[in-house]
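A look at the structure
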Amino acid sequence: MSDKSSSSNASGFNRRAFMAAAAGTAVAAPLTARAAGPAATPSAAQDPQLPVDLTLRVNGQNRQLNLDARTTVLDALRERLGFTGSKKGCDHGQCGACTVLIDGRRVLSCLTLALVAQGHEITTIEGLADGDKLHPMQQAFIDQDAFQCGYCTPGQIVSAVACVKEGHANSDDDIREYMSGNICRCAAYPNIVAAIKQAAPEILKG
Amino acid sequence: MQPFVFQSANDPSAAMQALAASGGNNVTEAPVQALAGGTTLIDLMKLDVMRPSTVIDINPLSGAWSQINLEGENLRLGAMARMADVAAHPEIQKAYPVVADSLKLAASAQLRNMATLGGNVLQRTRCTYFRDISYGNCNKRNPGSGCAAMEGVNRMHAVLGTSDQCIATYAGDFAQSLIALDGTVEIIGKSGTRSIAFAQLHRQPGNSPQIETTLAPGELISGFMIPGRWPRSVYLKARDRQSYEFALASAAVALDMQNGVVRDARLALGGVATVPWRAREAEGLLKEQKFDDALAERVADAAFAGATPRHHNAFKIALGKRVVARALYQAATMEV
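Note that the structure is a prediction, hence the values are computed from the model and not measured. Residue numbers restart at each chain and count upward from 1, following the sequence in its written direction. To read the labels, note that chains go from A and ligands from 1, taken in the order they are written. Residues qualify for local features only when their pLDDT is at least 70, as the model is predicted, and side-chain atom pairs are given and counted only at 80 or more; totals for whole chains, interfaces and linings, by contrast, use all residues. Side-chain measures were taken over the full set of non-hydrogen atoms in the model, leaving aside hydrogen atoms and water.

Residues and elements named next belong to chain B. The pocket and cavity definitions rest on a 1 Å grid over protein atoms only: a 1.4 Å probe that fits but cannot leave marks a cavity, an open set with protein on both sides within 12 Å along at least five of seven lines marks a pocket, and residues lining either have an atom within 4 Å of a point. Grid points are joined across faces, edges and corners, and a volume is the space filled by probe spheres set on the points. Evaluation of the coordinates by the stated rule reveals 2 cavities of 30 Å³ or more. The calculated volume of the largest cavity comes to roughly 80 Å³. In terms of lining residues, the largest cavity is bounded by 14 residues, among which C127, C138, N139, C147 and C166 are the most central. The residue makeup of the lining of the largest cavity, split by class, is 9 nonpolar, 4 polar and 1 charged. Gly is put with the polar residues, along with every residue not named as nonpolar or charged; the nonpolar set is Ala, Val, Leu, Ile, Met, Phe, Trp, Tyr, Cys and Pro, and the charged set is Asp, Glu, Lys and Arg.

Before going further, it helps to examine the packing of aromatic side chains. All names here are of chain B. When the centres of two rings from Phe, Tyr and Trp lie within 6.5 Å, Trp using its six-membered ring, the rings pair. Their planes under 30 degrees apart give stacked, over 60 give edge-to-face, and anything left gives tilted. Counted by the stated rule, this structure contains 3 aromatic pairs over all chains. Taking the centre distance of 4.8 Å and the plane angle of 90° together, the rings of Y129 and Y135 count as edge-to-face. Judged by centre distance (5.8 Å) and plane angle (85°), the ring pair of F174 and F224 falls under edge-to-face. Of this pair, F174 sits in helix α10 (residues 174–180) while F224 sits in strand β8 (residues 220–226); the two residues are 50 residues apart in sequence, bridging distant segments of the chain. This pair shows no difference in class: F174 is buried, exactly as F224 is. To qualify as a helix, a DSSP run of H or I must reach at least 4 residues; to qualify as a strand, a run of E must reach at least 2; elements of each kind are numbered from the N terminus. Burial classes follow relative accessibility: with a 1.4 Å probe on protein chains only, a residue under 20% of its type's maximum area counts as buried, one over 50% as exposed, and anything between as partly exposed.

On to the packing of helix α5 (residues 153–165) of chain A against helix α7 (residues 189–205) of chain A. All names here are of chain A. A fitted line through C-alpha atoms serves as each axis, taken over the contacting stretch for helices, and the angle formed by two N-to-C directions is quoted from 0 to 180°. In the contact formed by α5 and α7, the axes pass within 10 Å of each other and the chain directions differ by 50°. It follows that α5 is oblique to α7 by the angle criterion. For the crossing formed where α5 meets α7, the hand is right-handed. Side by side, α5 and α7 meet where Q156, A160, V164 and K165 of the first sit next to I192, I196, A200, I203 and L204 of the second. Tallied by class, residues from the contact of α5 with α7 come to 7 nonpolar, 1 polar and 1 charged. Here is the rule for angles: anything less than 35 degrees is roughly parallel, anything more than 145 is roughly antiparallel, 65 through 115 is roughly perpendicular, and the remaining ranges are oblique. For any pair of crossing helices, the crossing counts as left-handed if the nearer helix is rotated counterclockwise from the farther one by less than a right angle, and right-handed if it is rotated clockwise. Only heavy atoms enter the contact rule, under which two residues are in contact if any of them lie within 4.5 Å.

So, on to the domain arrangement of chain B. For interface size, the figure often reported is the accessible area lost on association. For every domain, the bounds stem from an assignment made automatically or drawn from a database. For chain B, the domain assignment lists domain 1 (5–60) and domain 2 (233–333). Domain 1 of chain B and domain 2 of chain B are separated by 35 Å when their C-alpha centres are compared.

Residues and elements named next belong to chain A. Chain-level statistics for chain A give a pLDDT mean of 85 and a share of 78% at 70 or above. Confidence over residues 1–12 falls short of pLDDT 50; this stretch has 18 contacts with residues more than four positions distant or in other chains. Confidence of the predictor at the level of single residues is captured by pLDDT, which takes values from 0 to 100. Every residue in residues 22–44 is under pLDDT 50, and counting partners more than four places away or in other chains gives 16 contacts.

Moving on, we get to the pattern of salt bridges. Salt bridges are defined by distance alone: a side-chain nitrogen of Lys or Arg within 4 Å of a carboxyl oxygen of Asp or Glu. For the structure shown, the criterion picks out 26 salt bridges over all chains. Close ionic contact of D91 of chain A with K46 of chain B constitutes a salt bridge, the shortest N to O distance being 2.7 Å. Here the residue D91 of chain A occupies a position in the loop between α3 (73–80) and β3 (99–102), and K46 of chain B occupies one in helix α2 (residues 41–46), the pair thus bridging two chains. Of the two residues examined, D91 of chain A and K46 of chain B, each falls in the buried class. We note a salt bridge from D182 of chain B to R266 of chain B, for which the minimum N-O separation is 3.4 Å. Taken together, the positions of D182 of chain B in the loop between α10 and β6 (184–189) and R266 of chain B in strand β11 (residues 261–270) put the pair 84 residues apart, joining distant regions of the chain.

For the rest of this paragraph, the subject is the interface of chain A and chain B. Listed per partner, the contact involves 34 residues of chain A and 33 residues of chain B. Both sides of the chain A and chain B interface together cover about 2700 Å² of buried area, and 57% of this is carbon and sulfur. Here the quantity called buried area is the accessible surface, traced with a 1.4 Å probe, that two parts lose on coming together, added over both. Considering only the surface of chain A that becomes buried against chain B, R70, R105 and L111 of chain A emerge as the three largest contributors, covering 24% of it. At the boundary of chain A and chain B, one finds 2 salt bridges. In this structure, the salt-bridge partner of D85 of chain B is R105 of chain A, at a minimum N-O distance of 3.1 Å. We call two N or O atoms a polar contact when they sit within 3.5 Å, provided that within protein one can donate a hydrogen and the other can accept it, with sequence-adjacent residues counted only if both atoms are side-chain atoms. If you look at where chain A meets chain B, you find 14 residue pairs in polar contact (both at pLDDT 80 or more). Of all elements in the fold, only β4 (105–108) and α6 (172–178) of chain A reach the threshold of two or more residues within the side of chain A that touches chain B. The leading source of residues in the side of chain A that touches chain B is β4 of chain A, at 4 residues. Classifying every residue of the side of chain A that touches chain B by side-chain character gives 14 nonpolar, 13 polar and 7 charged.

Two cysteine sulfur atoms make up a disulfide if the distance between them is within 2.5 Å. All told, the structure shown has 0 disulfides over all chains when counted by the stated rule. Cysteine C95 of chain A remains unbridged, with the sulfur of C90 of chain A as its closest cysteine sulfur at 3.8 Å. Just so you know, C138 of chain B is unpaired, no disulfide at all, and the nearest cysteine sulfur is the one on C127 of chain B, 6.0 Å from it.

Residues and elements named next belong to chain A. One bridge is not enough; two strands pair if DSSP finds at least two bridges between them. Strand order in the open sheet made by the 5 strands is β2-β1-β5-β3-β4, with mixed pairing throughout. Of all strands in the sheet, those bounded by a partner on one side alone are β2 (61–67) and β4. In this sheet, neighbouring strand axes are inclined to one another by 40° on average, regardless of whether the strands run parallel or antiparallel. Sheet analysis places β3 next to strand β5 (residues 121–123), joined by 2 bridges and oriented antiparallel.

To continue, consider the pairing of strand β1 (residues 52–58) of chain A. Residue and element names in this part refer to chain A. Every second residue of β1 is oriented toward a common face, the buried set being V52, L54, L56 and V58 and the non-buried set D53, T55 and R57. When β1 meets β2, the two strands line up antiparallel, connected through 7 bridges. Paired with D53 across the bridge in β2 is N66. If you look at the hairpin formed by β1 and β2, you'll find 2 residues sitting between the two strands, and N59 has a positive phi there, around 50°. Bridge count between β1 and β5: 2 bridges; the pairing is parallel. What sits directly across from R57, in β5, is E121.

What follows is the structure in structure tokens.
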């Protein structure tokens, strides 16, 4: 599994790479085991206890999964695919930490069933950078010191990219209104606004 | 969350067939639920407030049911149109500011991208006792069990349209625009389509707060229609924080004025009532009158004449009156 942040660390090892690799290992075995087993899909239409096969397209790659129908996009990303960038804050659509793009629109992955996201393009925080080059919004968050604890930051950055592309980053008030779905309990808001203003022209330039 | 069978409805007839087993008209208990944006349903399923055994994904209907049509004299909105897309529509912003603003001031950008208009008007109450199943006494969830909000923390609860069974506030914003502008609802069921006044969609709690609408089991909202154009209209929303919060009190106002005299007036209230609330008697005071601040205050007083507060929410009457007066003033003075 690729984790772009790992290559920026001189030692080639950091906490995030370790966590992502560990999550990847955890899901690899059951996936392999299931692949050899009988397909569960036909009978799943009648029995809610049975998992269902589905394909999620995440950051440009198709990922085969066998999931309980209740699984949200957020849980599929974090617990099954090792994309731990999207965070679980409230798990009820109130905090924005789980924000991802689906077909380019910012949505809450905690309130989106994985089954509903089939056939759509999911972009997570891990999909924003271009190789080792950070997305302008990621760079702006670093330049403007737009976080303290960092837990809300992936959701803030993904939401901010969409906010700019929607044309809702034209003033401080505009940014504050259209970013109000992303809560930051460290209250880094002034710096988040500054980061969005820094990145907006570069993003809109394309 | 309880396990469920997931099915997709690829066209309206498949949806009708799948929803046929929806059960009674207690929507909380219905075993088959239609899933659109999911912003209410998935949330309440995670809380175990709603426990459907089958979930029907109607998002495949989005293509056919998402149109925004301003041709002719009326506005027609498909039920699967997303709140964000309608709020951002330049012609709606111009011809129906109250519609665009009631959508824009609701929820967050992410939720507005997900939520459909049909789902939004059917949004469930945010009453904390309804949402928390550790409280057994909720007449909306468990009919006949009592109401924990009556003597509980009821600061957010309704002062209009309440009963001794339920004081839960209707949480939405867009519905106030629809009811103010005499909107209609298009409904599809297994026996065909029908159209009703939006004002006939929601039911006050009365003795059966578990029944929230006049929709029959298995029916879906397919669209909305708003007659005429209302460029002089306003949605004003007062809340505990400036953005991303439910209304403590809100007002949808639409005026038709000529030379400072009000020819037609519409007024609906949000955040203060158990259902989308049209203040017909109050708006009637404006007709054929020259608008001034004193008239706005009389209208505001009339709008809350029948209000019945509980222990913590009497402030909503004073706040609601000010919201009405200010919304009227903004509408009367806006340049159109």
